[in-house]
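Listed below, chain by chain, are the residues.
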Amino acid sequence: MPEVLEQLAAHGDRVFVSLRADPHEGMVAVRRIDALCRAYPMIRAVSLSPHQIYPFIAPNSKEYYPIYAKCVELDIAVYINVGFPGPRVPAFTQDPMALDEVCWFFPELRVIMRHGGEPWTDACVKLLLRWPNLYYATTAFAPRYYARDVLALVNKRAPNKVIWAGYWPILSYDRLFAELAELPLDAAAWPRFLAGNAIEAFRLPASR
């Protein structure tokens, strides 16, 4: 890991990093996050995949809270899976409703939902409208499969909440860009969808 981070640090003005964490590691995980984020400023988020965390726990479980508190202290985001996982493991861990409590308890914590949220996209939309510190990234889905209720937020109700994200190498950029061009988005929505919302949510340097 340090070798990879050193290589990425050489391009810290162009890339940012999401650091994976396991809440079952307790203060070991918290100290690791603290040390690496202070050493490598291009780390702008902690990555959490609840379906991979065993024993299975939802994101509002007490084990997660020290990590959330550290992210607030370091001013970095939490990047977390929502929706039914691909592997055949319990899906309750990725029900987005668990984030209702998290966003309430940590109003300074920026939380970015990823991986679609199906079959709970309606809950994702309600939560995005409810909590100022909650965002949604379009990871893992080709544009033709983006949830229509989420796209409606981009155009009208919450243009500052949805972040475009690819899924390379599973989805090629040729396919992504071709399908993006077919999305029914207003011209005014594109700058925030493609860049502005990510800059805000991850506290990235403004593009030059």
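It should be noted that the structure appears before, not after, this text.
Residues numbered from 1 in each chain as written. Predicted model: local features only at pLDDT ≥ 70, side-chain atom pairs only at ≥ 80, totals over all residues. Heavy atoms only, no water.

## Observations concerning the overall build of the protein
A tally of regular secondary structure across the protein gives 8 helices and 6 strands. Here the C-alpha atoms of the protein give a radius of gyration of 17 Å, agreeing with the 17 Å that 2.2 N^0.38 yields for 208 residues. Along the first, second and third principal axes, the C-alpha set of the protein runs to 45 × 40 × 30 Å. Looking at the protein residue by residue over its 208 residues, the buried ones come to 50%. Counted over contacts in the protein with a minimum sequence separation of 6, partners at least 24 positions apart contribute 76%. Counting every atom, the protein has about 10800 Å² of accessible surface; 58% of that belongs to carbon and sulfur. Separation of charge centres in the protein, based on 22 positive and 21 negative side chains, amounts to 2 Å. (Helix = DSSP H or I, 4+ residues; strand = E, 2+ residues; numbered from the N terminus. Rg over C-alpha atoms; globule rule 2.2 N^0.38 Å. Buried < 20%, exposed > 50% of the residue type's maximum accessible area, 1.4 Å probe, protein only. Contact = heavy atoms within 4.5 Å. Areas by Shrake-Rupley, 256 points an atom, 1.4 Å probe, with all protein chains shown as cover. Lys, Arg positive; Asp, Glu negative; His and termini not counted. Charge placed at Lys NZ, Arg CZ, Asp CG, Glu CD.)

## A closer look at the pattern of salt bridges
Throughout the structure, instances matching the rule amount to 11 salt bridges. Where arginine 110 meets aspartate 75, a salt bridge forms, and the shortest distance between an N and an O atom there is 2.7 Å. Here arginine 110 is found in the loop between α4 (98–105) and β4 (111–114), whereas its partner aspartate 75 is found in the loop between α3 (65–74) and β3 (77–81), with 35 residues between them in sequence. The exposure class of aspartate 75 is partly exposed, given its relative accessible area of 34%. (Salt bridge = Lys/Arg side-chain N within 4 Å of Asp/Glu carboxyl O.)

## Some words on the packing of helix α5 (residues 121–130) against helix α6 (residues 148–157)
Packing of α5 against α6 brings their axes to within 9 Å, and their N-to-C directions diverge by 25°. Taken together, the axes of α5 and α6 are roughly parallel relative to one another. Between α5, through Thr121, Asp122, Val125, Leu128 and Leu129, and α6, the contact on the second element is made entirely by Asp149, Val150, Leu153 and Arg157. Here the contact of α5 with α6 is composed, by residue class, of 5 nonpolar, 1 polar and 3 charged. (Axes fitted to C-alpha atoms, helices over the stretch in contact; angles between N-to-C directions. Parallel < 35°, antiparallel > 145°, perpendicular 65-115°, else oblique. Nonpolar A, V, L, I, M, F, W, Y, C, P; charged D, E, K, R; others polar.)

## Brief notes about α6
Those residues of α6 that sit buried are Val150, Leu151, Leu153 and Val154. Projected down its long axis, α6 shows its buried positions confined to an angular sector of 145°, all on one face. Those residues of α6 that are exposed and angled more than 90 degrees off the buried face are Lys156 and Arg157. Residues of α6 that are buried make contact with α5, β5 (134–137), β6 (162–163) and α8 (190–202). (Arc of directions from axis to C-beta.)

## Points about the nonpolar core
Counting residues in each nonpolar core, the largest one holds 57 residues, and the members touching the most others are Ile33, Tyr68, Leu134 and Phe193. Considering each element in turn, this core owes the most residues, 5 residues, to α3. Each residue touching phenylalanine 193, except ones within four places of it in the same chain, is listed here: Thr138, Tyr146, Val154, Val162, Ile163, Trp164, Leu180, Leu183 and Leu185. Counting 12 residues, the second largest nonpolar core, distinct from the first, contains Ala77, Tyr79, Ala201 and Phe202. (Core = buried A, V, L, I, M, F, W, Y, C linked by side-chain atoms within 4.5 Å.)

## Here's the deal with the pairing of β4
The side chains of a regular strand alternate between both faces of the sheet. Residue alternation in β4 divides its side chains into two sets, Val111 and Met113 and Ile112 and Arg114, and both sets are buried. Bridge analysis of β3 against β4 gives 4 bridges, and the strand direction is parallel. Note that in β4 the partner of tyrosine 79 across the bridge is isoleucine 112. Regarding topology, α4 serves as the crossover connection from β3 to the parallel β4, and that connection is right-handed. Bridge analysis of β4 against β5 gives 3 bridges, and the strand direction is parallel. Bridge pairing in β5 links valine 111 to leucine 134. (Pairing = 2+ DSSP bridges. Right-handed = clockwise from strand over helix to strand, strands pointing away.)

Such coordinate-based values are descriptive only and should not be taken to indicate function.
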